[in-house]
Amino acid sequence: MRTLSWAMLIAVLVAAVLTVGTAAFTYVTLRRIVAESPVQFPPPPQAGAQSTKVSLFSPTKTAAPAAATPLAPQVATAEAAVKLLPDGVATSAATEAVKSWNDPSRITILLLGIDQRKGEKGPFRTDTMMILSLDPIRKTGAMLSIPRDIYINIPSVNVPDRINNANAIGETQQYPGGGPALAVKAVQSLLGVPIQRYVMVNFDVFTTVIDAVGPITVCPKDAIHDDKYPDGSYGYIVADFPAGCQDLDSTKLLQYARVRHNAGDDFGRATRQQEVIRSVREKVLSLGGVSALLGKATTIWASLKDSIKTDLSFDDMVQLAQLAQSIPKDNIQSAVITDRDGYLQPSKLASGEEVFSPVYEKIHDLVEKLFDSEPVGPANSEATAEGATITVSNGSGVDGMAKNTADKLIAKGFNITDVKNADLQGGYGKTVIRVYSGKIKTARLIADALKLDGTAISDEPGAVSGVDIEVIVGKDLAPSP
C-alpha cells in the first residue's frame with residue numbers, strides 16, 4: 001500500500017484546531033470567503049453516486065454551490081456584522097465577535113485522511129484515522145491513532161472488513177450521511193465512546209499550510225533510512241533523517257511523516273504524525289498565533305477549502321480552536337493502538353492477508369486512561385480571574401459536606417463567601433453549580449476542581465444579592481456509606 005501525504009494533512013488539520021494559528025480558521029479575513037464559498041470535499045468521480053456538499057455554516061444540511069458574486073464589504077453573521085479587513089489586519093472588534101466555546105461537555109472528533117491523487121476515482125479508503133478529544137472543564141485533550149488494518153465487523157452494514165474501508169463501503173452502499181458517517185460508526189464500535197463530529201481531508205493542502213508556518217522542528221530518536229520512499233509518480237526515492245532534532249521544510253516534513261520502511265512501519269508513522277502535530281502547534285504559538293498568519297490567510301484558504309469535508313460549522317472550528325489553544329501542551333495526552341501492548345492480535349484472513357484483531361477490553365481501558373488523565377498543571381489557576389463570589393450549600397443530607405467542599409475550593413483559590421444548608425436538605429442527588437451572573441468560566445473551574453462534568457453547571461441569569469455562583473452539594477460528592 002502506498003503512503004501519501006494524508007498523514008501530514010491530518011497533522012496540519014489538528015494543529016489548526018489546536019492553535020487557532022492556521023489562518024484558514026481565522027474569523028476576520030476568512031469569514032467573507034466561507035460565506036461566499038461553502039466548504040466541501042471535492043467529490044471523486046463515481047458512476048451513479050451522489051456527492052454530498054457540506055457547508056460549514058449548515059453542517060446538517062446539503063448546501064448548493066455558492067453563486068459567483070463579488071465579495072460584499074460586510075458579512076452579517078449570527079454574532080455580529082464583522083467589518084472585513086485586508087489580509088494581515090486584525091481588530092479588537094473582530095476578536096470580540098468570536099464567541100467562546102460554551103458547551104461544557106467533552107467533544108470528540110474523528111479525523112480522516114484519504115489516499116486520493118488527482119485523476120483517481122473513488123470511493124476511497126481512509127488511510128489515516130485519528131480521534132481528537134477535548135475536555136472543556138478539565139482543560140485536557142487526547143489524541144489516539146487507529147491503525148488502518150484493524151479488522152472488525154463494520155456496524156450497521158454488517159460487513160467484516162478493515163476499519164479503513166468503512167468510508168468506501170458507506171459511499172458504495174449510499175449509507176445515510178455517506179462514508180464519513182459509517183466511518184464514525186466503525187470507530188465508535190471499536191473504541192466504545194461517542195464521536196460527535198468528523199473532518200475528512202485529502203492531501204492537496206499540505207505544502208501550502210506548512211510553507212506558511214515555516215520550518216518545523218522534529219527530533220527522531222533513531223536515524224531513518226528508506227530507499228523505497230514513494231516519489232508521487234509511482235516511483236521511489238531515498239529518504240534519510242539523522243537522529244536528533246532538526247528543522248524540516250514542507251518537503252522534508254512530508255517525507256518524515258510518510259516514511260514507513262526502517263521506521264516502525266504504520267505504528268512508527270502514527271507516532272511521528274503525533275509528534276508533527278505537537279511541533280506544528282508549538283511553532284504556530286511561537287509565531288504569535290492568528291496575527292502572524294493573517295497575511296497569508298487567503299492563500300491558505302484557497303488551498304484548504306476544496307480539500308475538506310466536515311460536519312463542523314465554521315463557528316465551531318473557530319471556537320474549538322480557541323478552546324484547544326487554552327489547553328496546556330502537557331495536558332494533551334496521545335497514544336497509538338499497537339500490537340506491542342496487547343491492544344491488537346496479529347491475524348490472517350482466509351485469503352492469506354495479514355490483519356489485526358482488536359482486543360476490545362484493552363482498547364477500552366486505554367481510551368478511558370486517555371480521557372480521564374489528570375491535568376498536569378492546576379486547571380484552576382484562573383480561579384480568581386473573574387472575581388466571582390461563591391456560596392456552598394449542603395443539599396446532600398450528609399452533615400459537614402458543605403464545609404468540606406468549601407474547604408477544598410478555598411484551598412484551590414476560589415472565593416467562598418458563605419457556607420449554608422440548601423433549600424432541600426437531602427434533596428439533591430447530584431451536585432449543581434448555579435451561575436447567576438454569567439461567570440461561566442469560574443463555574444467550569446469549580447466543576448473541574450470537584451471532578452464533575454459539564455452537566456453539573458446550570459446557567460440561571462438573574463441577580464442574587466452578593467452571590468455570583470452557588471454550589472449545591474449533592475449526594476454524589478458524599479462518601480459512600
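Residues numbered from 1 in each chain as written. Predicted model: local features only at pLDDT ≥ 70, side-chain atom pairs only at ≥ 80, totals over all residues. Heavy atoms only, no water.

**Describing the packing of helix H5 (residues 178-191) against helix H12 (residues 360-371)**
Running from N to C, H5 and H12 cross one another at 95 degrees; their axes reach a closest spacing of 8 Å. Considering the angle they form, H5 stands roughly perpendicular to H12. Residues Ser189, Leu190 and Leu191 of H5 lie in contact with H12, whose contacting residues are Tyr360, Ile363, His364 and Val367. Residue classes in the contact of H5 with H12 are distributed as five nonpolar, two polar and no charged. (Axes fitted to C-alpha atoms, helices over the stretch in contact; angles between N-to-C directions. Helix = DSSP H or I, 4+ residues; strand = E, 2+ residues; numbered from the N terminus. Parallel < 35°, antiparallel > 145°, perpendicular 65-115°, else oblique. Contact = heavy atoms within 4.5 Å. Nonpolar A, V, L, I, M, F, W, Y, C, P; charged D, E, K, R; others polar.)

**What to know about empty space enclosed by the protein**
Within this structure, the stated rule accounts for two cavities of 30 Å³ or more. Approximately 140 Å³ is the volume attributed to the largest cavity. What lines the largest cavity is a set of 14 residues, and nearest its centre among them are Thr128, Ile146, Pro147, Asp266 and Ala270. Counting residues per element, the lining of the largest cavity draws most heavily on helix H8 (residues 265-287), which supplies five residues. Split into classes, the residues belonging to the lining of the largest cavity amount to seven nonpolar, three polar and four charged. (1 Å grid on protein atoms, 1.4 Å probe; cavity = no way out; pocket = protein on both sides within 12 Å on 5 of 7 lines; lining within 4 Å. Points joined across faces, edges and corners; volume = space filled by probe spheres on them.)

**Some details on the sheet that holds strand S18 (residues 416-421)**
With respect to topology, five strands assemble into an open sheet ordered S18-S17-S21-S19-S20, the strand pairing being mixed. If you trace the sheet from one side to the other, it starts and ends with S18 and strand S20 (457-459), each paired once. Pairs of neighbouring strands in the sheet enclose a mean axial angle of 20 degrees, with direction left out of account. Looking at chain direction, strand S19 (residues 432-435) and S20 are connected through three bridges and run parallel. Opposite arginine 434, over in S20, you have serine 458 as the bridge partner. On the sheet, helix H14 (residues 440-449) packs against strand S17 (390-394), S19, S20 and strand S21 (469-473) and is oriented at approximately 165 degrees with respect to S19. (Pairing = 2+ DSSP bridges.)

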